[in-house]
Amino acid sequence: MNGIPRQGLLLVVMLTVVSGGVQRAAAEPRLVDRIVAIVDEEAILQSDLNREVELYKMEKDYAGEAIDVDDETIRREMLDRLIESKLIIAAAKQADMTVDEEAIEASVQEKIAQFVEHFGSMAALERELGRSGMTLADYRTRRGSQLRDQQYLRLVVGRFIRPDVEVLENEVREYY
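Rules used throughout
Residues numbered from 1 in each chain as written. Predicted model: local features only at pLDDT ≥ 70, side-chain atom pairs only at ≥ 80, totals over all residues. Heavy atoms only, no water. 1 Å grid on protein atoms, 1.4 Å probe; cavity = no way out; pocket = protein on both sides within 12 Å on 5 of 7 lines; lining within 4 Å. Points joined across faces, edges and corners; volume = space filled by probe spheres on them. Helix = DSSP H or I, 4+ residues; strand = E, 2+ residues; numbered from the N terminus. Nonpolar A, V, L, I, M, F, W, Y, C, P; charged D, E, K, R; others polar. Axes fitted to C-alpha atoms, helices over the stretch in contact; angles between N-to-C directions. Parallel < 35°, antiparallel > 145°, perpendicular 65-115°, else oblique. Left-handed = near helix turned anticlockwise from the far one by under 90°. Contact = heavy atoms within 4.5 Å.

### Things to note about the layout of surface pockets
Then step 1. The calculated volume of the largest pocket comes to roughly 410 Å³.
Then step 2. At the level of elements, α2 (46-63), α3 (71-94) and α6 (136-161) are the ones that each hand at least two residues to the lining of the largest pocket.
Then step 3. Residue classes in the lining of the largest pocket are distributed as six nonpolar, three polar and eight charged.

Next up, the structure:
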């Protein structure tokens, strides 16, 4: 065959097939998630924001409160919260602050128990979470993260903000 050994021809054919497959895969990228913000070298993903919005709506529903703003306003507020949380956590970690993981886990369990009572059963809660695109494990992780962020916030405020705030007695009288 024109001086090409049969094994060489097979190798050329295989390389063509393999490289053709790579080109096809590269030509059809699939979007998995988007980055909506980067804070302290840590990405906030579209899926994180979507979960926050769904949790916000679910907790409002649980509290019996009406949502009186449009979805875009909720999304912006949730993104602002995520950014603030990342900044606070970065400051807390830089100052070597730690949180009480056992208290966080106990609070998560307590919230899940409240939801189970509200929805009537664990299965009903899991169905409700499923409608929001979450599992119970997702909720545990997200709720734990929220509580951890709140503890970090209290630590940061206590160490960096409150010590510098001084309210004078005459300012209190003037206020009242």
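Still to come is the rest of the account.
### Description of the packing of α2 against helix α4 (residues 101-119)
In a pair of packed helices, the angle between the axes and the distance between the axes together describe the arrangement.
Then step 1. One can describe the packing of α2 onto α4 by two numbers: an axis separation of 11 Å at closest approach and a directional angle of 60°. Here α2 is positioned oblique relative to α4, judged by the angle of their axes. α4 is crossed by α2, and the crossing has left-handed handedness. Between α2 and α4, the contacting residues are M58, E59 and Y62 on the first element and K111, Q114, F115 and H118 on the second.
Then step 2. Taken together, the residues of the contact of α2 with α4 break down into three nonpolar, two polar and two charged.

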